[in-house]
Amino acid sequence: MEIKFIQKYYDFFQRTKNEKIIILEGGRRSGKTYSILTHLGLSLFSKEKTKIQIFSEKPEQKSSGLLFDFDDIWAQSFKKNLSKSEYYYKNNYIKFINIPNDVKAFDFAKNIGQSDFRFINEANTFAEPTFENLLISNKNQIILDLNPTKKSFVNKYITETNYLHSTYKDNPFLTNNQIKTFEEWERVGRMAESGTPAYWKWQVYCLGLFCEITGEIFTPENIQFIKQPEKVDTYFIFCDPSNAKGGDYFAMVLIGVGDDKMFVVDSFSRNKVEKPVIIDLIRKWQAEYSVKMVFVETNGEIGANFYKLCLNSEIANLKSYYSKNNKYERIIANFDLLTKKVFFIDTEKNRDFAVQIYSFSVNCEHDDNVDVVNNALIVCYSFFKKIKII
């Protein structure tokens with residue numbers, strides 16, 4: 001089996017063997033996570049009685065995350081137990097662990113026991129006390145990677161010898177279409193005003209540099225409303241569940257798609273509601289429209305439980321959905337599509353729904369409404385293939 005190496009990363013791992021902490025930061029598709037997983041796979045072959053743990057905040061590792069990528073790289077090289085998210089070679093093993101960054105993460109990290117090597121994916125999504133507990137119980141090296149989407153505790157651990165910066169230009173395995181996409185983002189970003197979404201995309205995704213969007217992102221001027229949907233050939237529902245006990249909002253949209261446009265036909269957003277009320281609304285939308293599918297985001301326990309409730313309630317054409325990447329990142333990445341190809345039907349309900357979208361920022365209190373619309377948009381172009389990416 002042939003394993004592909006990116007020379008820049010191989011050299012970095014060689015010269016940082018004795019570092020307690022190493023940090024890899026860069027833009028999208030720069031190859032950093034792929035290279036770390038390749039490096040750790042090699043460690044299984046070369047070391048004795050070694051325990052490696054790989055951490056992610058995302059629960060979807062088996063279907064589309066780190067474990068999936070590791071399996072893709074190493075294929076049949078190791079024995080594996082996917083029910084335990086573990087790979088084995090002789091007396092060495094790698095374990096993939098989901099550790100949600102919530103109030104339980106600190107205790108989880110404190111009580112997880114010792115490891116020889118650890119890798120924390122997207123380390124800037126974790127709280128520093130969680131990292132400190134993982135660090136103190138680690139015998140050898142801990143690897144952190146991150147995209148420069150927000151400031152975090154990671155910066156204070158950077159030294160002259162333990163840090164590597166990268167961009168998409170360091171990855172020789174990108175396709176021509178991927179490279180053209182980055183080059184277009186660069187072209188548009190260079191002409192954009194500082195602090196705009198286009199400028200942010202250029203700085204963060206292409207150059208791998210931290211950048212903040214200043215001012216409002218979504219406004220009544222760039223969120224579009226129309227009286228009636230135009231040609232619609234597909235209807236579907238997307239649900240972004242919450243506990244709905246007064247905290248995050250349970251957001252849900254009825255979507256129509258046609259002619260390279262997405263229409264928000266109806267919407268729902270409440271942070272205090274009983275789940276049977278939502279089930280009844282899904283049935284109502286299904287009865288009034290030819291709903292092809294009902295998507296439920298199942299990244300966390302709350303989403304998984306609501307999905308089970310839908311199954312038990314015999315909601316037809318149900319499909320689970322896992323969100324990928326950082327929420328803020330994926331929304332900003334789709335800014336052009338959200339403001340040019342998404343149209344809200346002009347109703348009082350949808351106008352109220354959009355109010356929360358106008359307040360969206362990196363540190364906003366609630367981003368549930370824009371997130372559910374963006375996830376529905378991703379379904380349009382990745383699942384139904386109904387929207388052309390700009």
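Below or above, wherever it landed, is the structure these notes cover. The residue count restarts for each chain, going from 1 along the sequence in the order it is written. The model is predicted, so local features are restricted to residues of pLDDT at least 70 and side-chain atom pairs to those at 80 or more, both for listing and for counting; the totals for chains, interfaces and linings are taken over all residues. Values reported for side chains reflect all heavy atoms of the structure, with hydrogen atoms and water molecules removed beforehand.

1. Quick notes on the sheet that holds strand β11 (residues 245-258)
Two strands pair if DSSP finds at least two bridges between them. Only DSSP runs of H or I reaching four residues or more are called helices, and only runs of E reaching two or more are called strands; each is numbered from the N terminus. Spatially, the seven strands line up as an open sheet ordered β9-β15-β12-β11-β10-β13-β14, and their pairing is mixed. Two strands lie at the open edges of the sheet, namely β9 (224-226) and β14 (318-321), each paired on one side alone. Neighbouring strand axes in the sheet, compared pairwise and without regard to direction, differ in orientation by 30° on average. Strand direction decides the pairing type here: strand β12 (residues 261-272) and strand β15 (residues 342-345), joined by three bridges, are parallel. From the neighbouring strand, Met262 faces β15, where its bridge partner is Val342. We call two residues in contact when some of their heavy atoms are within 4.5 Å. All axes here are fitted lines through C-alpha atoms, helices being fitted over the stretch that makes contact, and every angle between N-to-C directions spans 0 to 180 degrees. Packing against the sheet, helix α13 (residues 348-358) makes contact with β9, β11, β12 and β15, and its axis sits at approximately 80° to β12. The strands that helix α14 (residues 368-382) touches are β10 (234-240), β11, β12, β13 (291-297), β14 and β15; relative to β11, the one it contacts most, it runs at about 35°.

2. Overview of the packing of aromatic side chains
In this analysis, rings of Phe, Tyr and Trp, with Trp reduced to its six-membered ring, are considered paired at centre separations within 6.5 Å, and the interplanar angle assigns stacked below 30 degrees, edge-to-face beyond 60, and tilted for intermediate values. All told, the structure shown has 37 aromatic pairs when counted by the stated rule. Ring centres of Phe78 and Tyr89 lie 6.3 Å apart, and the angle between their planes is 75°; on these two criteria the pair is classed as edge-to-face. Linking Phe78 in the loop between α4 (66-74) and β3 (79-81) with Tyr89 in strand β4 (residues 86-89), this pair joins segments that are 11 residues apart in sequence. Among the aromatic residues, those joined into a cluster by ring pairs are Tyr168, Phe182, Trp185, Trp200, Tyr205, Phe218, Tyr328, Phe335 and Phe360. For a lysine, the NZ atom is tested; for an arginine, the CZ atom; a charge sits over a ring if that atom is within 6 Å of the ring centre and within 35 degrees of the ring normal. Here Arg28 stacks its cationic end above the ring of Tyr205, 4.9 Å away from the centre of that ring. Arg351 extends its terminal NZ or CZ atom over the ring of Phe225, reaching a point 3.8 Å from the ring centre.

3. Quick look at the side chain of Asn162
Residue position: Asn162 is located in the loop between β7 (138-146) and β8 (163-166). Exposure classes here rest on a 1.4 Å probe applied to the protein chains alone. A residue is buried below 20% of its type maximum, exposed above 50%, and partly exposed in between. The exposure class assigned to Asn162 is buried, which follows from its relative accessible area of 2%. Counted as a polar contact is a pair of N or O atoms within 3.5 Å, where, for protein atoms, one must be capable of donating a hydrogen and the other of accepting one, and residues adjacent in sequence contribute only when both atoms are in side chains. Of the polar contacts made by the side chain of Asn162, one reaches the backbone oxygen of Tyr157; its length is 3.0 Å. Contacts of Asn162, omitting those with residues within four sequence positions, involve Phe12, Glu19, Ile21, Ile22, Ile23 and Tyr157.

4. Thoughts on a nonpolar patch on the surface
Patch membership needs two things, relative accessible area over 30% and no salt bridge, and members are linked within 9 Å if like-charged or within 5 Å if nonpolar (Val, Leu, Ile, Met, Phe, Trp, Tyr). Residue-level accessible areas treat just the shown protein chains as cover; the underlying method is Shrake-Rupley with a 1.4 Å probe. The working definition used for a salt bridge is a side-chain nitrogen of Lys or Arg within 4 Å of a carboxyl oxygen of Asp or Glu. On the surface, Phe5, Tyr10, Leu42 and Phe45 cluster together to form a nonpolar patch covering roughly 340 Å² of accessible area. On the secondary structure map, Tyr10 appears in helix α1 (residues 7-15). Residue classification places Tyr10 among the partly exposed positions, given a relative accessible area of 38%.

5. Comments concerning the pattern of salt bridges
Tallying each qualifying case throughout the model produces 16 salt bridges. In this structure, Lys349 engages Asp266 in a salt bridge whose closest nitrogen and oxygen atoms are separated by 3.3 Å. Here Lys349 is found in helix α13, whereas its partner Asp266 is found in strand β12, with 83 residues between them in sequence. Take Lys349: its relative accessible area is 38%, and that puts it in the partly exposed class. Looking at Asp266, the relative accessible area reads 17%, which means it is buried. Arg330 is the salt-bridge partner of Glu297, the closest N and O atoms lying 4.0 Å from each other.

6. Examining the pairing of strand β2 (residues 51-56)
Most of β2 is tucked away, with five of its six residues classed as buried. Where β2 lies against strand β5 (residues 92-98), six bridges are found, and the strand directions are parallel. Along β5, the bridge assignment pairs Ile54 with Phe96. The pairing of β2 with strand β6 (residues 115-120) spans four bridges and is classified as parallel.

7. Observations concerning the packing of helix α2 (residues 32-46) against α4
Close contact between α2 and α4 brings their axes to 10 Å; oriented N to C, the two are set at 65°. Helix-helix and strand crossings are classified by hand; for α2 and α4 the assignment is right-handed. On the side of α2, the interface is formed by Thr33, Tyr34, Leu37, Thr38, Gly41, Leu42 and Phe45, while α4 contributes Leu66, Asp69, Phe70, Ile73 and Trp74. Class assignment of the residues belonging to the contact of α2 with α4 gives a composition of eight nonpolar, three polar and one charged. Note on convention: the crossing is left-handed when the near helix lies turned anticlockwise from the far helix by less than a right angle, right-handed when the turn is clockwise. Asp, Glu, Lys and Arg are counted as charged, while Ala, Val, Leu, Ile, Met, Phe, Trp, Tyr, Cys and Pro are counted as nonpolar; the rest, among them Gly, fall into the polar class.

8. So, the nonpolar core
Counting residues in each nonpolar core, the largest one holds 44 residues, and the members touching the most others are Phe218, Phe236, Met262 and Val373. Per-element tally for this core: the top contributor is α14, with nine residues. Ignoring sequence-local partners within four residues, the contact set of Val373 consists of Val253, Met262, Leu338, Val342, Phe344, Phe353 and Ile357. We define the nonpolar core as a collection of buried residues of types Ala, Val, Leu, Ile, Met, Phe, Trp, Tyr and Cys that are connected through side-chain atoms lying within 4.5 Å of one another.

Read these as geometric descriptors, not functional statements.
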